[in-house]
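Summary of structural features
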Amino acid sequence: HALLLKRAEKRYELTTRDYAQLAAFRHALRGFLRFSEAAAGREGLTSQHYQAMLILRGWPEGEPVSINDLALQLLIKHNSAVGLVDRLARNELVVREASAVDRRKVELRLSARGRRVLARLAAAHRAELQRIGPIMERFFSELARERGGDD
């Protein structure tokens, strides 16, 4: 059994250091996600609410965002996106508007309140990324160096 494990590690050229780096990377990611959940929670939101608001604010200016667009970006089903938008709209964070092009469709945008809440959250997330950035940068630099990624 131990011999088979050694063969697999040798076949994939895995060392203890590789496992340690992967574990450290996952730990950093989980820490960031935990931070994000807590920051959103302090604003009375879930991390999915925050992600939806980021998508709406980050969408190219002047291009409409549909519920289907949001569902595709969040990797969720359309009906789940409808429920998410319902909650955001109830909290006056998102506004639904009938499409000027197709009245059967709804376009989404952040409300003024939504933009204020999102700005606070995004600033906190940016600060956290600046804090953990050097750790992530070291990880990727070491990985590229070890794999000859400086081509």
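These lines cover the structure that appears in this document, whether it is placed above or below. Quick caveat: nothing in here was measured; it's all calculated off a predicted structure. (Residues numbered from 1 in each chain as written. Predicted model: local features only at pLDDT ≥ 70, side-chain atom pairs only at ≥ 80, totals over all residues. Heavy atoms only, no water.)

Topic: the nonpolar core
This is how the line gets drawn: In plain words, nonpolar cores are sets of buried Ala, Val, Leu, Ile, Met, Phe, Trp, Tyr and Cys residues tied together by side-chain atoms within 4.5 Å. For every residue, the accessible area obtained with a 1.4 Å probe (protein chains only) is divided by the maximum for its type, and the residue is called buried under 20%, exposed over 50%, and partly exposed between those limits. Secondary structure elements are taken from DSSP: a helix is a run of H or I of four residues or more, a strand is a run of E of two residues or more, and numbering for both begins at the N terminus. In what follows, a contact means two residues having at least one pair of non-hydrogen atoms within 4.5 Å.
By size, the foremost hydrophobic cluster in this structure holds 28 residues, and its most contacted members are Leu45, Met53, Leu70, Leu88, Val94 and Leu108. Those elements that place two or more of their residues in this core are helix 2 (16–42), helix 3 (47–58), helix 4 (67–74), helix 5 (78–90), strand 3 (106–110) and helix 6 (112–146). Once residues within four sequence positions are removed from consideration, Leu108 is found in contact with Leu56, Val65, Ser66, Ile67, Leu70, Val85, Val94, Val95 and Arg96.

Topic: the sheet that holds strand 1 (residues 65–66)
Applicable threshold: Strands are labelled as partners when DSSP assigns at least two bridges between them. Inter-axis angles, ranging from 0 to 180 degrees, are taken between N-to-C directions of lines fitted to C-alpha atoms, where helices are fitted over the stretch in contact.
Taken in spatial order, the three strands of this open sheet run 1-3-2, and their pairing is antiparallel. Each edge of the open sheet is held by one strand with a lone partner, namely strand 1 and strand 2 (94–98). As judged from the two bridges shared by strand 1 and strand 3, these two strands associate in the antiparallel manner. For Val65, the partnering residue across the bridge sits in strand 3 and is Leu108. Here helix 3 sits on the sheet in contact with strand 1, strand 2 and strand 3, set at roughly 100° to strand 3.

Section: the pairing of strand 3
Strand direction decides the pairing type here: strand 2 and strand 3, joined by five bridges, are antiparallel. For Val95, the partnering residue across the bridge sits in strand 3 and is Arg109.

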